[in-house]
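Below, each chain spelled out in residue letters.
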Amino acid sequence: ENGGKIGLPEVHLGVLPGTGGTQRLARLVGKAKAIELMALGTNMSMDDGHALGLVNQLFSADNWWEQVLTYTRQFVPPQKASFAVGRIKRSVQAGADMTLEAGLALERELQQQLFLSQDASEGIAAYNEKRKPEFSGR
């Protein structure tokens, strides 16, 4: 309950959730639930947001910042190839608004970019040498 609130309360101001709010929420929770949430303008707990798939992770108040840093470090060098993480995000986000064929073409283009990266060379070498990769973000 102390973890803050999440919602799209713009209806209380007489406007709609702009900058993609109406479009993104409908894609996340479905049209009917999105309309209900936006038309009511109710803010919900982080637990409720998590149950709807709007919040990926919940962290306890104890050592909150340490937990957040531990979580986020999973996505950056040396643990992960940040260039690849960025291309994954781009492929999913942009691809969701494309036809399957266009999304697959985007994926192939991004994969080609990644195969030219130092991190891909390191990842493949580490796999072949049966060791943990040390990514640099290049």
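Anything mentioned here points back to the structure above.
The structure presented is a predicted model; accordingly, all values stated were derived computationally and were not measured. (Residues numbered from 1 in each chain as written. Predicted model: local features only at pLDDT ≥ 70, side-chain atom pairs only at ≥ 80, totals over all residues. Heavy atoms only, no water.)

A.B. asks: I'm lost on the packing of aromatic side chains in this one. Help?
C.D. replies: Given two aromatic rings, their pairing is described by the distance between the two centres and the angle made by the two planes. The tally for this structure, following the rule as stated, stands at three aromatic pairs. Seen in terms of ring centroids, Trp 64 and Trp 65 are 5.8 Å apart; in terms of plane orientation they differ by 35 degrees. Their pairing is tilted. The partly exposed category is assigned to Trp 64, whose relative accessible area is 44%. The exposed category is assigned to Trp 65, whose relative accessible area is 52%. (Phe/Tyr/Trp six-rings, centres within 6.5 Å; stacked < 30°, edge-to-face > 60°. Buried < 20%, exposed > 50% of the residue type's maximum accessible area, 1.4 Å probe, protein only.)

A.B. asks: Explanation requested: the side chain of Ser 45 in the structure shown.
C.D. replies: For Ser 45, the position within the fold is in strand E2 (residues 44–45). Classification of Ser 45 as buried rests on a relative accessible area of 13%. Polar side-chain contacts of Ser 45 include one of 3.1 Å to the backbone nitrogen of Asp 48. Ignoring anything within four residues of it in the chain, the contact list for Ser 45 reads Gly 4, Lys 5 and Ile 6. (Helix = DSSP H or I, 4+ residues; strand = E, 2+ residues; numbered from the N terminus. Polar contact = N/O pair within 3.5 Å; in protein donor to acceptor, adjacent residues only side chain to side chain. Contact = heavy atoms within 4.5 Å.)

A.B. asks: What should I look at first to understand the environment of His 50 in this one?
C.D. replies: Mapping His 50 onto the fold places it in helix H3 (residues 46–51). Setting aside chain neighbours within four positions, we find His 50 in contact with Val 55, Asn 56, Gln 57 and Leu 58.

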